[in-house]
Amino acid sequence: MGQNLILNMNDHGFVVCAYNRTTDKVKSFLENEAKGTKVVGASSLEEMVGKLKKPRIVMLLVKAGRAVDGVINSLFDLLSPGDIIVDGGNSEYRDTERRGKYLACKDILFVGCGVSGGEEGARYGPSLMPGGDQEAWPHVKTIFQAISAKVNGEPCCNWVGADGAGHFVKMVHNGIEYGDMQLICEAYHLMRDGLELNNDEMSDIVAEWNNGELDSFLVEITSNILKFKDQEGYLLDRIRDTAGQKGTGKWTGIAALDYGVPVTLIGESVFARYLSALKDERMEAGSVLHGPNTKYEGNKKELLEHLRKALYASKIISYAQGFMLLREAAKSNNWNLNYGSIALMWRGGCIIRSVFLGKIKLAFDENPNLTNLLLDDFFANVMSNCQASVRQVVTAAVYLGLPTPALSSALAFYDGFRAARLPANLLQAQRDYFGAHTYEILGAEGKFVHTNWTGQGGSVSASTYDA
Ligand code: 6PG
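Treat the numbers as computed from the prediction; the structure is a model and nothing was measured.

S.K.: Help me get a handle on the overall build of the protein chain, residues and values and all.
M.R.: Of regular secondary structure, the protein chain possesses 19 helices and 13 strands. The C-alpha extent of the protein chain, read off along each of the three principal axes, is 75 × 65 × 45 Å. Burial statistics for the protein chain: of 467 residues in total, 47% are counted as buried. Considering only intrachain contacts with a sequence separation of at least 6, the fraction spanning at least 24 residues in the protein chain is 67%. Approximately 23300 Å² of the protein chain is accessible, and the part contributed by carbon and sulfur atoms is 52%. On the protein chain, the mean spot of the 47 positive side-chain charges and the mean spot of the 54 negative ones are 3 Å from each other.

S.K.: Go over the pattern of salt bridges, please, and point to the residues and values.
M.R.: According to the stated counting rule, one finds 24 salt bridges in the structure shown. Here Arg 98 makes a salt bridge to Asp 95, at a shortest N to O gap of 3.3 Å. With Arg 98 and Asp 95 both in helix α5 (residues 93-104) and three residues apart, the pair spans about one turn of that helix. A salt bridge links Lys 279 to Asp 241; its shortest N-O distance comes to 2.5 Å. With a gap of 38 residues between them, Lys 279 in helix α13 (residues 279-288) and Asp 241 in the loop between β10 (233-234) and α11 (248-259) connect regions that are remote in the sequence. Using a relative accessible area of 37% as the deciding quantity, one classes Asp 241 as partly exposed. Members of the salt-bridge network, linked through shared partners, are Asp 69, Asp 87, Asp 95, Arg 98 and Arg 99.

S.K.: Break down helix α12 (residues 264-277) for me, citing the residues and quoting the values.
M.R.: Between its terminal C-alpha atoms α12 stretches 20 Å, which fits the 20 Å expected from 14 residues at 1.5 Å a residue. Of the positions making up α12, those classed as buried are Leu 265, Ile 266, Gly 267, Ser 269, Val 270, Ala 272, Arg 273 and Ser 276. In the core, the buried residues of α12 are packed alongside α8 (165-194), α11, α13, α14 (300-333) and α18 (405-417).

S.K.: Before we move on, could you go through the packing of α11 against α12 and cite the residues and values that matter?
M.R.: Following both chains from N to C, one finds α11 and α12 inclined at 135°, their axes separated by 9 Å at the closest point. As the angle between them shows, α11 and α12 are arranged oblique. In terms of crossing hand, the pair formed by α11 and α12 is left-handed. For the pair formed by α11 and α12, the contact residues are Gly 249, Lys 250 and Thr 252 on the first element and Ile 266, Val 270 and Tyr 274 on the second. When the residues that make up the contact of α11 with α12 are grouped by side-chain class, the tally is three nonpolar, two polar and one charged.

S.K.: Mind laying out the packing of aromatic side chains, listing which residues take part and the relevant values?
M.R.: Applying the stated criterion to the full structure yields 18 aromatic pairs. Ring geometry for Phe 271 versus Tyr 274: centroids 6.4 Å apart, planes at 55°, classification tilted. Placement of both Phe 271 and Tyr 274 in helix α12 is noted, with a separation of three residues, approximately one turn of the helix. The exposure class assigned to Phe 271 is exposed, which follows from its relative accessible area of 55%.

S.K.: So what about the UniProt feature "binding site: substrate" (unreviewed entry) in the protein chain? Which residues, and what values?
M.R.: The UniProt record marks Asn 90, Ser 116, Gly 117, Gly 118, His 173, Asn 174, Tyr 178, Lys 246, Arg 273, Arg 431 and His 437 with the feature "binding site: substrate" (unreviewed entry), using the residue numbering of this structure. These residues run over 348 residues, and the two farthest C-alpha atoms among them are 49.3 Å apart, placing them at more than one spot. By the element assignment, Tyr 178 lies in helix α8. Counting through the fold element by element, Arg 273 comes out in helix α12.

S.K.: So what about the sheet that holds strand β5 (residues 109-116)? Which residues, and what values?
M.R.: In space, the four strands of this open sheet follow the order β3-β4-β5-β6, with mixed pairing throughout. Both outer strands of the open sheet, β3 (57-60) and β6 (127-132), are each paired with one neighbouring strand and no more. Recorded for the sheet is a direction-independent mean angle of 25° between the axes of neighbouring strands. Where strand β4 (residues 84-87) and β5 come together, four bridges link them in parallel fashion.

S.K.: Describe the site of the ligand, and please don't skip the residues or the numbers.
M.R.: Residues in contact with the ligand amount to 14 residues; listed here are only the nearest, Ser 116, Glu 177, Tyr 178, Lys 246 and Arg 273. Taking Gly 118, its main chain carries an N or O atom lying 3.3 Å from an oxygen atom of the ligand. In this structure, Arg 273 approaches the ligand through a side-chain N or O atom, which is 2.8 Å from an oxygen atom. Protein contact buries 80% of the 410 Å² of open area that the ligand shows by itself. Looking at the shell around the ligand, the element that brings in the most residues is α8, giving five residues. In terms of residue class, the shell around the ligand is made up of two nonpolar, eight polar and four charged.

S.K.: Let's hear about helix α9 (residues 199-209): which residues, and what values?
M.R.: When α9 is considered as a whole, its buried residues turn out to be Asn 199, Met 202, Ser 203, Ile 205, Val 206 and Trp 209. Buried residues along α9 cover an arc of 165° about the axis, so they all sit on one side. Exposed side of α9, more than 90 degrees from the buried face: Asp 204 and Glu 208 are the residues found there. Those residues of α9 hidden inside the fold are in contact with α8, α10 (217-227), β10 and α14. One side-chain oxygen of the residue at the start of α9 lies 3.1 Å from the amide nitrogen of Asp 200, identifying that residue as Asn 198.

S.K.: Before we move on, could you go through the state of the cysteines and cite the residues and values that matter?
M.R.: Note: disulfide means a covalent bond formed between the sulfur atoms of two cysteine side chains. What the rule picks out here adds up to zero disulfides. Take Cys 185: it sits in no disulfide, and the sulfur closest to it among the cysteines is that of Cys 350, at 18 Å.

Here is what the cut-offs are and how they apply
Residues numbered from 1 in each chain as written. Predicted model: local features only at pLDDT ≥ 70, side-chain atom pairs only at ≥ 80, totals over all residues. Heavy atoms only, no water. Helix = DSSP H or I, 4+ residues; strand = E, 2+ residues; numbered from the N terminus. Buried < 20%, exposed > 50% of the residue type's maximum accessible area, 1.4 Å probe, protein only. Contact = heavy atoms within 4.5 Å. Areas by Shrake-Rupley, 256 points an atom, 1.4 Å probe, with all protein chains shown as cover. Lys, Arg positive; Asp, Glu negative; His and termini not counted. Charge placed at Lys NZ, Arg CZ, Asp CG, Glu CD. Salt bridge = Lys/Arg side-chain N within 4 Å of Asp/Glu carboxyl O. Expected span 1.5 Å × (residues − 1). Axes fitted to C-alpha atoms, helices over the stretch in contact; angles between N-to-C directions. Parallel < 35°, antiparallel > 145°, perpendicular 65-115°, else oblique. Left-handed = near helix turned anticlockwise from the far one by under 90°. Nonpolar A, V, L, I, M, F, W, Y, C, P; charged D, E, K, R; others polar. Phe/Tyr/Trp six-rings, centres within 6.5 Å; stacked < 30°, edge-to-face > 60°. UniProt positions renumbered as here; feature names shortened; annotations may be inferred. Pairing = 2+ DSSP bridges. Near = heavy atom within 4 Å. Polar contact = N/O pair within 3.5 Å; in protein donor to acceptor, adjacent residues only side chain to side chain. Arc of directions from axis to C-beta. Disulfide = S-S within 2.5 Å.

Take a look at the structure:
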C-alpha cells in the first residue's frame, strides 16, 4: 500500500522520499516500480528527515499497534515543531488520540488518517479519512485530495474531525464492510443451499443486482468470485469456510457497546466470523444436531427478488446503525462530524463504495441534523417497500434451517426501532424484583420507584426515589 501511495503521489506531481527499515526494499522499489519517477529513497530515518522540506510531512504505513509507537518515538527527536506525522494505518482511535497528545508536547502535528481501497485504491485513488490536528490540514489537503478517488469531480477525502475522529470513521467503515460482506454471504448461502443454484447462476444474479440499487464494489467482486475457475474448477468451492479478521470489526462492536448504540448487524457479522472459525466443532455438531429436512418449494424467482430487496433494506439498517454510532461518538468526543461529507468519502475509492452512498450523502445534505437515516423520506420509503421482503427471506431461511444472523438482526432492529412500546417494562420490573433497581412509571418519568414485589421483609407500597 505504501509503495502504491508513493507512486500515486508521484503521478500527481509530488516529490516523495521512500523509506523502509528493510533498506533492500527501498532499493528494489526505486530500481523497479519507481524507476523513471521523481521518487527518491532514504536508507535511514535520519536521512529521510534530512531530505524533506519544512514543514516536513511524514506519512506512516505501518502495521497498527506497537510498531506505530516505535516509529513515532524514533521520529520524535528528529522532527521539529510544526512538522507533521500522518498515520495511514488502521490504528485504534484511542491510540491516535494518545499519540496526538504525546506529539503535541513538542508541537509536532499528528494526523490519524483512515485509508481505504486496498492496494488498487492506494495506487489509483483511495478514500482518505484524515483527522487530528486541524492545523496540519492545509499542509496535507492538496496532496490528499489530489491522490484520492473522485466522485463527480469531488474528492473522496475531507477533514473529518479532531483527535482520533479520522481513525474512528475508518473503523466504522470497516465495521460496515463486515456487515456488507456478511449480508452478501448470507444471500449466497441461501441461493446455494436453499435454492440449489450453481455458481454461474449465482454469479449472473449477483451481476444483475449490481446493475441496480445494490451497485457496489463488494457485489461486483462477488459476482466475479462466484464464476472464477482455475484448472480444478470453481475456486470458491475449495476455499475453507473459516473467516479471518484483523480486528477493526471487533473494535466497532466494542465501540458500539461502549457508546451504548445498538449496532447489531455489525456485531452479528463479527460473531458470524467467529462461528465460522469453529470449523472442527461445527463438523462434529453437524453429525449430532439436526435441523429441518425441508426443501424450498416456493417460487425461486420470487424469492430471489425478495432477496435482492432484503439485502438492500438490511444494508440501509446497517448504515443507519453505523451513522448512529458516529453520532454518539461525535457527541461524547466533541467531534463536529459532517455526515454528508463522510458519505462522500465512502462513496468512492473504498471497499464499501457504492451508488447507494450517494443517496446517504443526499439525505444528510438535505438535512444535516437528520437524527437517523431511517427517518429520511427516501430511506423510510425504501424500508416500507422492502420490509416485507426481509420477512419473506428470513422466514424462508428459518424454514430451511439456514443461518441469517445479519439479515435477521436487521429485521429485529427495524421492528424494535419502530416499536413505540417494547417489553422492557417487564425487564425493569424483573430488575426491581430481584435487585431493587427501581423503575419509572409511564407519565411520571424521572421519578424512580421501587416495589416490594413479594410483600416479604418490608413494606408493600412503592417507595419513591428522585432521579
Ligand atoms: C480497506 C479495508 C482494509 C482491510 C481490512 C480487512 O478499507 O481498504 O478495510 O482496511 O482490507 O482491514 O479487514 P479484516 O482482515 O478484518 O477482514
